[in-house]
Protein chains: 2
Amino acid sequence: MQSNNNILIAQGGGPTNVINQSLVGIINGEKNKNSNIIGAINGVRGIIDNNFIKLSKFNDVNLKKIQNTPGAALGSTRDKPDEKYCHEILKILNKKKIKRFYYIGGNDSSDSLRIISNYVKEKNYSTQCIHIPKTIDNDLVKNDHTPGFGSAAKYVAQLFSGINYDVRSLPGVYLGIVMGRHAGFLTAASSLLRKLSSDGPHLIFLPEYSFKIKDFLEQVKKIYDKYGRCIIAVSEGIQDNKGNLISKKIIQNNEYDAHGNIQLSGSGVLGDYLSNILKTKLKIKRVRADTLGYAQRSFLGAVSEVDQKEAYNIGLMATKFSIKTSSPFSVAIKERERFDAKYNIKIIMNKLEDVAGKTKVMKKEFYDTKTFNVTKKFRDYCLPIIGKDILDTLSII
Amino acid sequence: MQSNNNILIAQGGGPTNVINQSLVGIINGEKNKNSNIIGAINGVRGIIDNNFIKLSKFNDVNLKKIQNTPGAALGSTRDKPDEKYCHEILKILNKKKIKRFYYIGGNDSSDSLRIISNYVKEKNYSTQCIHIPKTIDNDLVKNDHTPGFGSAAKYVAQLFSGINYDVRSLPGVYLGIVMGRHAGFLTAASSLLRKLSSDGPHLIFLPEYSFKIKDFLEQVKKIYDKYGRCIIAVSEGIQDNKGNLISKKIIQNNEYDAHGNIQLSGSGVLGDYLSNILKTKLKIKRVRADTLGYAQRSFLGAVSEVDQKEAYNIGLMATKFSIKTSSPFSVAIKERERFDAKYNIKIIMNKLEDVAGKTKVMKKEFYDTKTFNVTKKFRDYCLPIIGKDILDTLSII
């Protein structure tokens, strides 16, 4: 064991609304241990570039503000380190005598950390690698849910609830494209603030189930005939029965203009495509499509207070667990066995290799393939995560 | 004068987050006069279709919930009545012995009401026509601002503030397309929660000023070179120097696919187009475009408490003004002369014909054509309308 107390923290991947809660949770936990706390600017990129900042200097008032701010306060990176890159990182960690390296990130970041921790073992170095989960996609295995998801889910739920009242006023079809390339959790969250059985979203399409235009048209027609309106949540990651992304197929089939300017690789394509199919095939005039965009992970003012608290505590608990072990680990919210009891979470340690780089998808019991919608079980699982109920204050005529 | 006390209320045009505040303001005001309060379902369409609802029956608890709910509780319509349609409406109003007709709506709705009120005079009928303003576009003349705008502005400001922290974490270019076909108020509101001089949006493009690709590229390059990132707010209504909508030009120039399915008339086109220009001409890799969509007028949970209160009071005050006069009128928030004093609004009556069907645009002093951004004067004008400050709780490292 090294006698020093140098601690490094970095943030990786797409930022969230509460990633700074975890950061400050770690800082406060390590402050209690009188550690010398260092931050790497822009994730692992900052380690390679020797771009560090002293984090011990921030006082409680500063830290309180930082933890409430969306985005990654230390900056993030999309760098996906290969073996050589990881080797380079380790050399620097060793040179700077880093006792513990906390990396806050999702699937990719945890996988980088796994590679680094393997080198640590191989070289007989002493840096402990600790993964702190965050992802709005909620797709880490052995995690009941991940910090960042609750706030993104709340934003999506509030957006679709508002849209529900909007489309009641001016009937038609509304399509909202939601983030989530492999897992449908965030798209499913669009359902959470439904109040009446006639409330939208009436249909939900997830990446876990192959998307057929025939089903899509049939289901929309059924709902539209019944209510005179239809609200649909579609994951950006929907695929055909061969696993090809629908959005990729649209872009490939599409024509370029003569000047080569319009490449249509932007985000509006899937929504526009599906909306035009409804207009042409079902002859519905009023069809609107929105692609929800980056506000899903960063919108200021829709944060879940449950998500905030959990993100902070998961950072803080990691600093406590690190006293018990010097092995690498990934901290997590333990998977609940039942969703009908009082909401109560437990923070645990997972083995890093059990979590790193793996993808969790929606449980089968969370989705009804007959109604193309989520089940009560999903709502029971997910509702407590988005925080306090705002629906009791609302009513239609 | 008729001896009866039948009062009709209808809601028209795009719904907002606070249009039901005005509705309940009118109901409560008329309840005090022991009126028989009737609602038309789906705006003027409900009058023609004989689709009415008794509003006197709702108690205070119901009304409190209805006023907090986004969307038009009575339903709305996009019908733009012609002379014959207006004539038909008037016949029914007269047959139902409607003493006062309150129509909550924007430019088009106020113009329909103007036509109806002219017929009232011509036929010597006694229905009083009262226009209650609402529009997220904020483009009614002789109104300091309109109910609905404050909440939409708050949503747009919060979204861009969150994006600001997101893009600080993962640098690149972000383009957000904001609603507002003729007036740039809502796009300009993207600036309201900037805190540091380096905060985005760094560039704002409005429909009031002709859009030149050359300027656009130059300005983005300048900001990107300076900060390594650039956040841009673009109005959906930007036009070339001949007054042609840029989005319309893109759709017209675009190719259709062989199956005729992809018509690209959806909402993602302008953002994707501008984003691709930046990628190809400036060789910037990370460019993201979002089109903000319908959440701007309906998002549940970003409502401005100032907007709520004003929308309610404007409905309530209209019922009080109606005691003083039997002429048609449009109620309004009086235009402030100074924006640096304590925020204080006054509700007044305008002549209906002075407001109806006219469009207000941004004052010249609100926009700086050199920096392609809004002025301090605009922020002084607009900040109080979005309600309480949430920025003091935030910080970056």
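Residues numbered from 1 in each chain as written. Chains lettered and ligands numbered in written order. Predicted model: local features only at pLDDT ≥ 70, side-chain atom pairs only at ≥ 80, totals over all residues. Heavy atoms only, no water.

Our focus in this paragraph is the packing of helix H8 (residues 213-227) of chain A against helix H10 (residues 269-281) of chain A. Residues and elements named next belong to chain A. At a closest axis distance of 11 Å, the pairing of H8 and H10 adopts a crossing angle of 60 degrees. As the angle between them shows, H8 and H10 are arranged oblique. Relative to H10, the crossing made by H8 is right-handed. In this structure, H8 contributes Ile213, Phe216, Leu217 and Val220 to the contact, and H10 contributes Tyr273, Leu274, Ile277, Leu278 and Lys281. Its residues assigned to classes, the contact of H8 with H10 comprises eight nonpolar, no polar and one charged. (Axes fitted to C-alpha atoms, helices over the stretch in contact; angles between N-to-C directions. Helix = DSSP H or I, 4+ residues; strand = E, 2+ residues; numbered from the N terminus. Parallel < 35°, antiparallel > 145°, perpendicular 65-115°, else oblique. Left-handed = near helix turned anticlockwise from the far one by under 90°. Contact = heavy atoms within 4.5 Å. Nonpolar A, V, L, I, M, F, W, Y, C, P; charged D, E, K, R; others polar.)

Residues and elements named next belong to chain B. Reading across the sheet, the seven strands line up as S3-S2-S1-S4-S5-S10-S11 and stay open at both edges, with mixed pairing between neighbours. The open sheet is flanked by strand S3 (52-54) and strand S11 (347-350), the only strands paired with a single partner. With strand direction ignored, the average angle separating the axes of adjacent strands in the sheet is 25 degrees. Relative to strand S5 (residues 128-133), strand S4 (residues 98-105) runs parallel, the two sharing six bridges. Among the inter-strand pairings, Arg100 is bridged to a residue of S5, identified as Gln128. Docked against the sheet, helix H12 (residues 305-324) engages S4, S5, strand S10 (329-333) and S11, running at close to 140 degrees with respect to S10. (Pairing = 2+ DSSP bridges.)

On to the packing of aromatic side chains. The final tally for this structure, using the stated rule, is 37 aromatic pairs over all chains. Judged by centre distance (6.2 Å) and plane angle (80 degrees), the ring pair of B:Phe321 and B:Phe329 falls under edge-to-face. Taken individually, B:Phe321 and B:Phe329 each receive the classification buried, so the pair is uniform in this respect. By the ring-pair criterion, three or more aromatic residues cluster together here, those being A:Phe149, A:Phe185, A:Phe339, A:Phe366, A:Phe378 and A:Tyr381. Sitting over the face of the ring of A:Phe52, A:Lys96 holds its NZ or CZ atom 4.4 Å from the ring centroid. (Phe/Tyr/Trp six-rings, centres within 6.5 Å; stacked < 30°, edge-to-face > 60°. Buried < 20%, exposed > 50% of the residue type's maximum accessible area, 1.4 Å probe, protein only. Lys NZ or Arg CZ within 6 Å of the ring centre and 35° of its normal.)

Our next topic: the state of the cysteines. Put plainly, a disulfide is one covalent bond tying together the sulfur atoms of two cysteines. Scanning the model with the defined rule gives zero disulfides over all chains in all. B:Cys129 provides the cysteine sulfur closest to B:Cys86, a residue in no disulfide bond, and the two sulfurs are 9.7 Å apart. (Disulfide = S-S within 2.5 Å.)

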